[in-house]
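# Coordinate inspection notes
Chain by chain, the residues:
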Amino acid sequence: MKKKLLGTLLSAAMVMSLLAGCGGAAADTAADTATAAVEEATDTAADAAEDAAAEVVEDTEAAADAVEEAAADAGSSDGGLISIGFAQVGHESDWRTASTKSCQDVFSEANGYDLSFVDCDNDEAAQKEAVRSFIEQGVDYIIIDPIIATGWDTVLTECEDAGIPVIVIDRTIDDSDKYVSWVGSNFLTEGKAAGEWLKAYAEKQGISEINALVISGSTGASAQIGRSDGFKEIADREGWTILDEQTGDFTEAGGQEVMESYCKSYEGKFNVVVCQNDNEAFGAMTAMDNAGVAYGPGNDVILISFDACTAGLEDVKAGKISADFECNPLAAPFVEQVIQQLQAGTTPDKEVYMEEHWYALPDQIVDFSIDGAAQTMTEVTDDVIAAQY
Ligand code: GZL
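Please read these numbers as outputs of a predicted model, since none were measured by experiment.

## A look at the layout of surface pockets
For the largest pocket, the calculated volume is near 210 Å³. Looking at the lining of the largest pocket, the elements with two or more residues in it are helix H6 (187-205), helix H7 (222-238) and strand E11 (351-353). Its residues assigned to classes, the lining of the largest pocket shows 7 nonpolar, 5 polar and 3 charged. The residues that make up the lining of the largest pocket include at least three from each of domain 2 (82-184) and domain 3 (187-328 + 356-387).

## What about the sheet that holds strand E4 (residues 166-169)?
Read across the sheet, 6 strands follow the order E2-E1-E3-E4-E5-E11 without closing on themselves; strand pairing throughout is parallel. Both outer strands of the open sheet, strand E2 (113-119) and E11, are each paired with one neighbouring strand and no more. The average angle at which neighbouring strand axes cross in this sheet is 20°, direction not considered. Across 4 bridges, strand E1 (residues 82-88) lies against strand E3 (residues 141-144) in parallel orientation. In the sheet register, Gly85 faces E3, and the bridge partner there is Ile142. Of the strands in this sheet, E1, E2 and E4 are in contact with helix H3 (residues 94-106), which crosses E2 at around 160°.

## What about empty space enclosed by the protein?
Left-over empty space is what a probe sized like a water molecule reveals as it rolls over the atoms. Here the structure, examined in full by the defined rule, presents 2 cavities of 30 Å³ or more. Roughly 80 Å³ of volume is contained in the largest cavity. What lines the largest cavity is Glu92, Ser93, Trp95, Arg96, Asp170, Arg171, Ala223, Arg227, Phe250, Asn277, Asp307 and Cys327. Elements supplying a minimum of two residues to the lining of the largest cavity: H3 and H7. Residues of the lining of the largest cavity, tallied by class, amount to 4 nonpolar, 2 polar and 6 charged. Each of domain 2 (82-184) and domain 3 (187-328 + 356-387) accounts for three or more of the residues forming the lining of the largest cavity. Taken as a whole, the second largest cavity holds about 40 Å³ of empty space.

## Observations concerning the site of the ligand
Around the ligand there are 13 residues in total, and Glu92, Asp170, Arg171, Arg227 and Asp307 lie nearest to it. One nitrogen or oxygen atom from the side chain of Asn277 is found 2.9 Å from an oxygen atom belonging to the ligand. Relative to its unbound accessible area of 320 Å², the ligand is 100% covered by the protein chains. Every element with two or more residues in the shell around the ligand is listed here: H3 and H7. Here the residues of the shell around the ligand sort into 5 nonpolar, 2 polar and 6 charged. Shared between two domains, the shell around the ligand holds at least three residues of each, these being domain 2 (82-184) and domain 3 (187-328 + 356-387).

## Thoughts on the packing of H3 against helix H11 (residues 332-343)
Packing of H3 against H11 leaves a shortest axis separation of 8 Å and a crossing angle of 40°. As summarised for this structure, H3 and H11 are arranged oblique, according to the angle between their axes. On H11, the residues that touch Ser102, Cys103 and Val106 of H3 are Ala332, Pro333 and Glu336. Class assignment for the residues of the contact of H3 with H11 results in 4 nonpolar, 1 polar and 1 charged.

## Regarding the pairing of strand E7 (residues 241-247)
Summarising the sheet, strand E6 (residues 211-216) and E7 pair through 6 bridges and their orientation is parallel. Opposite Ile215, over in E7, you have Gln246 as the bridge partner. Since E6 and E7 lie parallel, the crossover through H7 that links them has a hand, and here it is right-handed.

## A few points about unusual backbone geometry
Positioned with a positive phi, Asp121 is a non-glycine residue whose angle comes to about 50°. In this fold, Asp121 is placed in the loop between E2 and helix H4 (124-137). Unlike most non-glycine residues, Asp249 shows phi in positive territory, near 60°. Inspection of the secondary structure puts Asp249 in the loop between E7 and helix H8 (252-265).

## Quick word on a negative patch on the surface
Taken together, the side chains of Asp119, Asp121, Asp123, Glu124 and Glu129 make up a negatively charged region of the molecular surface. If you trace the backbone, Asp123 turns up in the loop between E2 and H4. Taking the relative accessible area as the measure of exposure, Asp123 reaches 37% and is therefore partly exposed.

About the thresholds
Residues numbered from 1 in each chain as written. Predicted model: local features only at pLDDT ≥ 70, side-chain atom pairs only at ≥ 80, totals over all residues. Heavy atoms only, no water. 1 Å grid on protein atoms, 1.4 Å probe; cavity = no way out; pocket = protein on both sides within 12 Å on 5 of 7 lines; lining within 4 Å. Points joined across faces, edges and corners; volume = space filled by probe spheres on them. Helix = DSSP H or I, 4+ residues; strand = E, 2+ residues; numbered from the N terminus. Nonpolar A, V, L, I, M, F, W, Y, C, P; charged D, E, K, R; others polar. Domains from an automatic or database assignment. Pairing = 2+ DSSP bridges. Axes fitted to C-alpha atoms, helices over the stretch in contact; angles between N-to-C directions. Contact = heavy atoms within 4.5 Å. Near = heavy atom within 4 Å. Polar contact = N/O pair within 3.5 Å; in protein donor to acceptor, adjacent residues only side chain to side chain. Areas by Shrake-Rupley, 256 points an atom, 1.4 Å probe, with all protein chains shown as cover. Parallel < 35°, antiparallel > 145°, perpendicular 65-115°, else oblique. Right-handed = clockwise from strand over helix to strand, strands pointing away. Patch = residues over 30% accessible without salt bridge, like charges linked within 9 Å, V, L, I, M, F, W, Y side chains within 5 Å. Salt bridge = Lys/Arg side-chain N within 4 Å of Asp/Glu carboxyl O. Lys, Arg positive; Asp, Glu negative; His and termini not counted. Charge placed at Lys NZ, Arg CZ, Asp CG, Glu CD. Buried < 20%, exposed > 50% of the residue type's maximum accessible area, 1.4 Å probe, protein only.

That's the geometry; what it means functionally is another story.
Written out as structure tokens, the structure is:
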């Protein structure tokens, strides 16, 4: 094609240079003919160049598609990195901080991941919005720590329709099973552990009557539901009185506010306070200090807490919290195992339970069982605190 075009252009140029030296009508006609030939040749050249350029663009787009396809085959959307969208509950507690750090440490670029993290600030609507934004982004995987246990089937169906696997961590989703795996803790067991420990400890201390106040977690969170139900099951069985249960929303401010109200409403009537996480316990301690209520081993009130974060164990060691029931926040390594199984085309377990411990000082360590299973308590020492999250 190019050679023919070049030949036409050269012939036209030769004719025109010959005619330049001749005069007359015949010469004019020939010149016109030559000019037309040059114009046609130029148009043909332009068309050829356009076709060639279009061909190059087409080839480039095809090459880009091939790269993207290869990357998709490698389970990533950005040349090797596995993209993950993580919709986190919020930043309400020390536990949450540890959970977030665990995910950010594991799902780092250095480890081969592109993590899109959204702190949903305890806002259920914002959390659904974050999940939909991950669908829009076309991430490879979505991780959700659900603020509350219900209202999930619609958005999980959207994830399923988009072909994006969902992994749930920590709290559970109770109204849909459209997720690949859940990695977390058994909150009912945690609640029962606190109840069974209190039964054994009260017996050891010769305490015959239990009048408890509960500061619960965020209402509707599976952690709150499980801990409340588990403790209540033992309380009902043992004939204890739960004087009141109000939510502290898993925050220190919430714990202090509720405890201030309790100190007024139930002054001198309670001997047990159950806080459903350490941050609520920190707030409750401030309120009891301000109200002149003595708590901790050897004092009027037994203070029970959950999470067993570093600061919580420090309060156990200081003789303030009598027993702390751990909820392990370090789920990310187990979530990564699930993702790697999916990458390898194998099927991960639907439920993956985390290991947890029950903490106290030696004088508060007692033997107890949960549903017939003997439990081992862990003494809080400086080394145990140093190793905690
Ligand atoms: C429990 C987790 C709870 C913690 C709180 O698994 O969801 O939420 O107990 C946190 O500290 O706020």
